[in-house]
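Working through the structure, step by step
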Amino acid sequence: YSRVTGVQTCALPICSISHDPVKVEIVNDGVMLHFMVSFDNVFIQVVDDSGIPLFERLLSISSPQSYYIPVSTRENPYLLIVSGDDVYQKFPINL
């Protein structure tokens with residue numbers, strides 16, 4: 001055989017499939033929410049360990065996107081709650 005038309009070096013996934021509608025990433029002095037799907041209305045709430053709201057926001061997510069929440073490191077730990085159209089997720093946050 002004198003011609004090579006393709007070489008497979010390893011089997012890597014071409015795409016990843018996630019069933020989580022929201023992912024959370026800790027960044028510098030806050031939290032980055034990654035919305036993987038659209039939501040007509042989604043309520044974001046950050047509460048301290050005694051349940052006192054530190055941040056509240058109602059959003060409309062028209063397409064997959066990210067949203068940054070600044071969080072003070074003085075009020076640790078936090079609970080991030082995302083609720084709305086077919087989603088209810090809680091994320092414990094320690095900065």
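Description of the structure in this document. (Residues numbered from 1 in each chain as written. Predicted model: local features only at pLDDT ≥ 70, side-chain atom pairs only at ≥ 80, totals over all residues. Heavy atoms only, no water.)

1. Focus on the overall build of the protein chain
A tally of regular secondary structure across the protein chain gives zero helices and seven strands. If you list the helices and strands of the protein chain from N to C, you get β-β-β-β-β-β-β. Out of the 95 residues in the protein chain, the part that is buried amounts to 27%. Long-range pairs, those at least 24 residues apart, make up 47% of the contacts in the protein chain with a sequence separation of at least 6. Only carbon and sulfur atoms are counted for the fraction: they give 52% of the accessible area of the protein chain, which is about 6,900 Å². (Helix = DSSP H or I, 4+ residues; strand = E, 2+ residues; numbered from the N terminus. Buried < 20%, exposed > 50% of the residue type's maximum accessible area, 1.4 Å probe, protein only. Contact = heavy atoms within 4.5 Å. Areas by Shrake-Rupley, 256 points an atom, 1.4 Å probe, with all protein chains shown as cover.)

2. A closer look at the sheet that holds strand β3 (residues 39-48)
Judged by pairing direction, the sheet is antiparallel, and its four strands sit side by side in the order β4-β3-β6-β7 without closing on themselves. Looking at strand neighbours, the two that pair on one side only are β4 (53-61) and β7 (87-93), the edges of this open sheet. Ignoring strand direction, the axes of neighbouring strands in this sheet form an average angle of 15 degrees. (Pairing = 2+ DSSP bridges. Axes fitted to C-alpha atoms, helices over the stretch in contact; angles between N-to-C directions.)

3. With respect to the side chain of glutamine 45
Along the chain, the position of glutamine 45 falls in strand β3. For glutamine 45, the side chain forms a polar contact with the side chain of glutamate 56, separated by 2.7 Å. Not counting chain neighbours up to four residues away, the residues in contact with glutamine 45 comprise Pro53, Phe55, Glu56, Leu79, Leu80 and Ile81. (Polar contact = N/O pair within 3.5 Å; in protein donor to acceptor, adjacent residues only side chain to side chain.)

4. Notes on the sheet that holds strand β1 (residues 22-27)
Strand order in the open sheet formed by three strands is β1-β2-β5, and the pairing between neighbours is antiparallel. Strands at the two margins of the open sheet, each flanked by one partner only, are β1 and β5 (65-70). Adjacent strand axes in the sheet meet at a mean angle of 20 degrees, parallel and antiparallel pairs treated alike. In the sheet, β1 pairs with strand β2 (residues 30-35) via six bridges, with the strands oriented antiparallel.

5. Describing the environment of valine 82
Assignment of secondary structure puts valine 82 in strand β6 (residues 78-84). Separated by 39 residues in sequence, valine 82 and phenylalanine 43 have C-alpha atoms that sit 5.8 Å apart. Residues contacting valine 82, with those up to four places away along its chain left out, are Val22, Leu33, Phe35, Val42, Phe43, Val87, Tyr88, Gln89 and Phe91.

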